[in-house]
Amino acid sequence: DAGITQSPRHKVTETGTPVTLRCHQTENHRYMYWYRQDPGHGLRLIHYSYGVKDTDKGEVSDGYSVSRSKTEDFLLTLESATSSQTSVYFCAITADRNTGELFFGEGSRLTVL
Amino acid sequence: GIQVEQSPPDLILQEGANSTLRCNFSDSVNNLQWFHQNPWGQLINLFYIPSGTKQNGRLSATTVATERYSLLYISSSQTTDSGVYFCAVYGNNRLAFGKGNQVVVIP
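As a starting point, this report considers the structure included with it. (Residues numbered from 1 in each chain as written. Chains lettered and ligands numbered in written order. Predicted model: local features only at pLDDT ≥ 70, side-chain atom pairs only at ≥ 80, totals over all residues. Heavy atoms only, no water.)

1. Points about the packing of aromatic side chains
Put simply, the test is: Two rings from Phe, Tyr or Trp (for Trp, the six-membered ring) form a pair when their centres are within 6.5 Å of each other. A pair whose planes differ by under 30 degrees is stacked, one over 60 is edge-to-face, and the rest are tilted. Put simply, DSSP marks the helices as runs of H or I at least four residues long and the strands as runs of E at least two long, and each gets a number from the N terminus on. Classification of residues uses two cut-offs on accessible area relative to the type maximum, computed with a 1.4 Å probe and protein chains only: under 20% is buried, over 50% is exposed, and between them is partly exposed.
A complete count under the given rule lists 11 aromatic pairs over all chains for this structure. With a centroid separation of 6.2 Å and 85 degrees between ring planes, the pair formed by A:Phe90 and A:Phe104 is classed as edge-to-face. Of this pair, A:Phe90 sits in strand β9 (residues 87-94) while A:Phe104 is found in strand β10 (residues 103-104), placing the two residues 14 residues apart along the sequence. Accessibility expressed as a relative area gives 1% for A:Phe90, which makes it buried. By relative accessible area, which is 9% here, A:Phe104 ends up buried. Consider the rings of A:Phe104 and B:Phe97, whose centres lie 6.1 Å apart with planes at 55 degrees: the pair is tilted. Taken together, the residues A:Phe104 in strand β10 and B:Phe97 in strand β10 (residues 94-97) connect one chain to another.

As structure tokens, then:
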């Protein structure tokens, strides 16, 4: 199994509070991704990273920011959580974005009340 | 962007039955993967298969890149095969997922 750890795995928070989800990998892979999964929408890309301090927006980036200060850690921050951000969040990694195999973390379930 | 279509969207199987899931994609791709999302929500890698045929136990997959499709075969299905099967492709500098095949295996 790919060494990917997401934390926290479950979180309940209130509207307006900041939330940070962490993805930690032990594979030294260059590429890291944050997805959200919602019924009827499948997996949607929030942000991705090509390396330390090298990040870019995905298709649903509004309301989210990311940081990658170390190869192994990719943080997803909701500056002020809203109920529409209630979702399951998955981190994914790959060694090569063109031809590399993609591996997912176990997911983080976030509920915003 | 690249389009990925999976069929059938829903499938109910009697335990022991065989089935075929299909993934069509709209453009040439550099890689293709099949994932299984189990009822607990985990996304499990099944096959990395940009072309050719691979087998892993009761599961096998074939990708015909020139005709832009991939097939996932489940033989002698078991209740643990239940879940959603996703196809993901990388092409045109973008990773795209299909909407999945929801499979329910009944005992």
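Resuming the write-up.
2. Looking at the pattern of salt bridges
Put simply, the test is: Salt bridges are counted wherever a side-chain nitrogen of Lys or Arg sits within 4 Å of a carboxyl oxygen of Asp or Glu.
Evaluated as defined, the whole model comprises seven salt bridges over all chains. Across the pair A:Asp73 and A:Arg22 runs a salt bridge whose closest N-O atoms are separated by 3.1 Å. Here A:Arg22 lies in strand β3 (residues 19-25) and A:Asp73 lies in strand β8 (residues 73-78), a separation of 51 residues in the sequence. Residue A:Asp73 is classed as buried on the basis of its relative accessible area of 7%. A salt bridge links B:Arg68 to B:Asp27, with the nearest nitrogen and oxygen atoms 4.0 Å apart. Of this pair, B:Arg68 sits in the loop between β7 (59-64) and β8 (69-74) while B:Asp27 sits in the loop between β3 (19-25) and β4 (31-37), and the two are 41 residues apart along the sequence. The partly exposed category is assigned to B:Arg68, whose relative accessible area is 36%. Each of A:Arg22, A:Lys70 and A:Asp73 takes part in a single network of salt bridges with overlapping partners.

3. Some details on the sheet that holds strand β1 (residues 4-7) of chain A
Residue and element names in this part refer to chain A. The line we're drawing: In this description, strands pair whenever DSSP reports at least two bridges between them. The convention used is that axes are lines fitted to C-alpha atoms, helices contributing only their stretch in contact, and that angles between N-to-C directions extend from 0 to 180 degrees.
Pairing is antiparallel across the open sheet formed by four strands, whose spatial order is β1-β3-β8-β7. On the outer flanks of this sheet lie β1 and β7 (64-70), each paired with one strand and no other. Put simply, the sheet's adjacent strands are angled 15 degrees from each other on average, direction ignored. By the bridge criterion, six bridges tie β3 to β8 in an arrangement that is antiparallel. The residue of β8 that forms the bridge with Val19 is Leu78.

4. Details of the environment of B:Ser26
All names here are of chain B. Short version of the rule: Contact between two residues is taken to exist if any of their heavy atoms lie within 4.5 Å; hydrogens are not considered. Between N or O atoms, a polar contact is any pair within 3.5 Å; within protein, one atom must be a potential hydrogen donor and the other a potential acceptor, and residues adjacent in sequence are included only when both atoms are from side chains.
Following the sequence through the fold, Ser26 ends up in the loop between β3 and β4. When the C-alpha atoms of Ser26 and Val89 are compared, they prove to be 10 Å apart, with 63 residues separating the residues in sequence. With residues near it in sequence (within four places) discarded, Ser26 still touches Gly1, Ile2, Gln3 and Arg68. A distance of 2.7 Å separates the side chain of Ser26 from the backbone nitrogen of Gln3, its partner in a polar contact.

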